[in-house]
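Here are the chains, one letter per residue:
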Amino acid sequence: MLTLYRIAMLIWSPVLAANTLLNPRYRRPGALSQRFGRAAADANGPVLWLHGASNGELTSARAMIDQLLGDHPTLHILITAHTPTGYDLARSWNIKRTSVRLAPYDLAPAIRAMLRRWQPIAHITVENEAWPNRILTCSAAGISCWFVGARLSENSHVGWKRRAPGLARRVFGALDRVFPQDAP
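Not measured: the values here are computed from a predicted model.

**Some details on the overall build of the protein chain**
Along the protein chain, the regular secondary structure elements total 8 helices and 6 strands. Across the protein chain, helices and strands are ordered from the amino to the carboxyl terminus as α-α-β-α-β-α-β-α-β-α-β-α-α-β. Taken over C-alpha atoms, the radius of gyration comes to 16 Å for the protein chain, in line with the 16 Å a tight globule of 184 residues would show. In terms of overall dimensions, the protein chain has a C-alpha envelope of 45 × 40 × 30 Å along the principal axes. Taking all 184 residues of the protein chain together, the buried fraction comes to 47%. If you take every contact in the protein chain between residues at least 6 apart in sequence, the share linking residues at least 24 apart comes to 68%. Taken as a whole, the protein chain presents about 9500 Å² of accessible surface, with 57% of it coming from carbon and sulfur.

Here it is, written out as structure tokens:
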């Protein structure tokens with residue numbers, strides 16, 4: 001199933017790239033290079049990669065970002081978002097020792113390119129952005145993967161179990177820590 005997913009993502013990537021280039025909503029400086037993991041890194045010290053899909057996830061992570069930076073004075077946080085509004089929100093915070101990028105597409109080569117440039121010590125996903133290539137590529141590179149504020153609706157759970165149980169075991173089994181929103 002992972003192979004089929006990877007092939008589908010490769011086939012779909014030109015459409016994603018065209019959307020990034022042609023859709024005014026997605027136009028940001030360097031957007032395409034960010035989506036393919038090729039944007040330059042601008043960090044000093046250890047990097048933590050924190051990802052939230054959009055405004056809600058990133059807003060819920062803001063206090064954690066401030067706490068991590070306060071507790072670890074050499075830490076740099078790379079914040080990624082899938083949506084332009086999430087990207088714009090995180091950039092508007094203008095927090096020292098952070099960099100904001102559009103999230104790379106879930107293509108293993110894009111993820112590997114980003115990892116080479118940034119060399120993160122860990123990857124934190126806020127809520128339920130379970131992107132198989134991202135999680136498995138980070139894990140294979142020895143990068144600890146955490147879900148914070150994790151949630152999985154009953155429908156999503158049934159969907160993963162029914163459509164891709166082996167892939168679900170691989171992806172969720174590669175997580176080092178999961179901190180759910182609610183008690184199990």
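Now that the structure has been shown, we can carry on.
**Let's talk about the pattern of salt bridges**
Considering all chains together, one arrives at 3 salt bridges under this definition. Linking Asp 42 and Arg 101 is a salt bridge whose minimum nitrogen-to-oxygen distance equals 3.6 Å. A residue pair is termed long-range when its members are at least 10 positions apart, and Asp 42 in the loop between helix H2 (31-35) and strand S1 (47-52) and Arg 101 in strand S3 (residues 98-102) qualify at 59 residues. A residue is classified by how much of its surface remains accessible, and Asp 42, at 47% relative accessible area, is partly exposed. Overall, the relative accessible area of 12% leaves Arg 101 in the buried class. For Arg 62, the salt bridge goes to Asp 66, with nearest N and O atoms at 3.3 Å. Here Arg 62 and its partner Asp 66 are both found in helix H3 (residues 55-71), 4 residues apart, which amounts to about one turn of the helix.

**A few points about the packing of aromatic side chains**
Under the counting rule described, the total for this entry stands at 3 aromatic pairs. Measuring from centroid to centroid gives 5.1 Å for Trp 160 and Phe 172, while their planes differ by 75°, and the two rings are edge-to-face. Placement of the pair is Trp 160 in helix H7 (residues 154-163) and Phe 172 in helix H8 (residues 165-173), with a sequence separation of 12 residues. Looking at Arg 62, its charged tip hangs above the ring of Trp 93, at a distance of 4.9 Å from the centre.

**What about a positive patch on the surface?**
Side chains of Arg 6, Arg 38, Arg 112, Arg 116, Arg 117 and Arg 170 sit close together on the surface and give a patch of like positive charge. Among the elements that line the positive patch, the one with the most residues is helix H5 (residues 108-118), at 3 residues. Along the polypeptide, Arg 6 turns up in helix H1 (residues 2-22). Taking the relative accessible area as the measure of exposure, Arg 6 reaches 31% and is therefore partly exposed.

Calculation rules
- Residues numbered from 1 in each chain as written.
- Predicted model: local features only at pLDDT ≥ 70, side-chain atom pairs only at ≥ 80, totals over all residues.
- Heavy atoms only, no water.
- Helix = DSSP H or I, 4+ residues; strand = E, 2+ residues; numbered from the N terminus.
- Rg over C-alpha atoms; globule rule 2.2 N^0.38 Å.
- Buried < 20%, exposed > 50% of the residue type's maximum accessible area, 1.4 Å probe, protein only.
- Contact = heavy atoms within 4.5 Å.
- Areas by Shrake-Rupley, 256 points an atom, 1.4 Å probe, with all protein chains shown as cover.
- Salt bridge = Lys/Arg side-chain N within 4 Å of Asp/Glu carboxyl O.
- Phe/Tyr/Trp six-rings, centres within 6.5 Å; stacked < 30°, edge-to-face > 60°.
- Lys NZ or Arg CZ within 6 Å of the ring centre and 35° of its normal.
- Patch = residues over 30% accessible without salt bridge, like charges linked within 9 Å, V, L, I, M, F, W, Y side chains within 5 Å.
- Lys, Arg positive; Asp, Glu negative; His and termini not counted.
- Charge placed at Lys NZ, Arg CZ, Asp CG, Glu CD.

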